[in-house]
Amino acid sequence: MTSYEKELIERNYFLAISRLDVVPKDFETLIEGYLILKNKGIKEKLYIIGEGNGRVKIEKMIEEKKLGEDVILLGEKKNPYVWIKHSKLFIHSSRYEGLPTVLLEALMMDKFIVSSNCPTGPTEILTNPKVGELFDVGDANQLAEKVLKVLYDKDYQKELLKNIQLKKKEFELSEITEKFHKTIENLCNGE
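The sections below set out a description of the structure shown in this document. As the structure is a prediction and not an experimental result, all values here were calculated from the model.

Thresholds applied
Residues numbered from 1 in each chain as written. Predicted model: local features only at pLDDT ≥ 70, side-chain atom pairs only at ≥ 80, totals over all residues. Heavy atoms only, no water. Helix = DSSP H or I, 4+ residues; strand = E, 2+ residues; numbered from the N terminus. Buried < 20%, exposed > 50% of the residue type's maximum accessible area, 1.4 Å probe, protein only. Contact = heavy atoms within 4.5 Å. Pairing = 2+ DSSP bridges. Right-handed = clockwise from strand over helix to strand, strands pointing away. Phe/Tyr/Trp six-rings, centres within 6.5 Å; stacked < 30°, edge-to-face > 60°.

### Some thoughts on the side chain of Glu5
So, point 1. Locating Glu5 in the fold gives a position in helix α1 (residues 3-9).
So, point 2. By relative accessible area, which is 15% here, Glu5 ends up buried.
So, point 3. Setting aside chain neighbours within four positions, we find Glu5 in contact with Lys77 and Trp83.

In structure tokens, the structure reads:
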């Protein structure tokens, strides 16, 4: 880690990790939502880990909104976990997903998560029990509202952390093995 990165990681920041692909990853909503938060007085920066063919367009969006000091494109990172660990909150803004593994990774590191309610994955990962906030795809105002709720409601944070611990148990090897065995047994019994 460079000295610049060490300086960045010591700041208060939100984190997004995504391929820099403008349309499916919906950087417009992410950056607009962040601008709304800045206008409401938040001090946290927004760091984005990832690389892709949309980088120039995203840099232009950041520049047009005069957020160059606040939204930092970190590029690809071999170890994103250190960045997740030190972040205050994880934001995911996709229009659609397959399996948003990055939400699972943030969850495993006990991070508060605000995600678009895109097809498929975020709803399944962040509910039952509720371990994060979902906003409508493309709704920057709702993204900002959800971030503020998670950021400032201490009782809600306690509830989320309790639920995160319960949710993480679902991913323990013993739980997965038991579910796998039950599925095979049901299939063998024609269910």
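### Here we look at the pairing of strand β2 (residues 45-49)
So, point 1. Counting buried residues along β2, five of its five residues qualify, which places the element largely inside the surrounding structure.
So, point 2. Across five bridges, the pairing between strand β1 (residues 13-17) and β2 is parallel. In the sheet register, Phe14 faces β2, and the bridge partner there is Leu46.
So, point 3. Both β2 and strand β3 (residues 71-75) contribute to a ladder of four bridges, which runs parallel. Note on β3: the bridge partner recorded for Ile49 is Gly75.
So, point 4. Tracing the backbone out of β2, into helix α4 (residues 55-64) and back to the parallel element β3 gives a crossover that is right-handed.

### Topic: the packing of aromatic side chains
So, point 1. Scanning the entire structure with this criterion turns up three aromatic pairs.
So, point 2. A ring pair is formed by Tyr47 and Trp83, whose centres lie 6.0 Å apart and whose planes are at 80°; its orientation type is edge-to-face. A residue pair is termed long-range when its members are at least 10 positions apart, and Tyr47 in strand β2 and Trp83 in helix α5 (residues 81-86) qualify at 36 residues.
So, point 3. Chaining the aromatic ring pairs together yields one cluster made of Tyr13, Tyr47 and Trp83.

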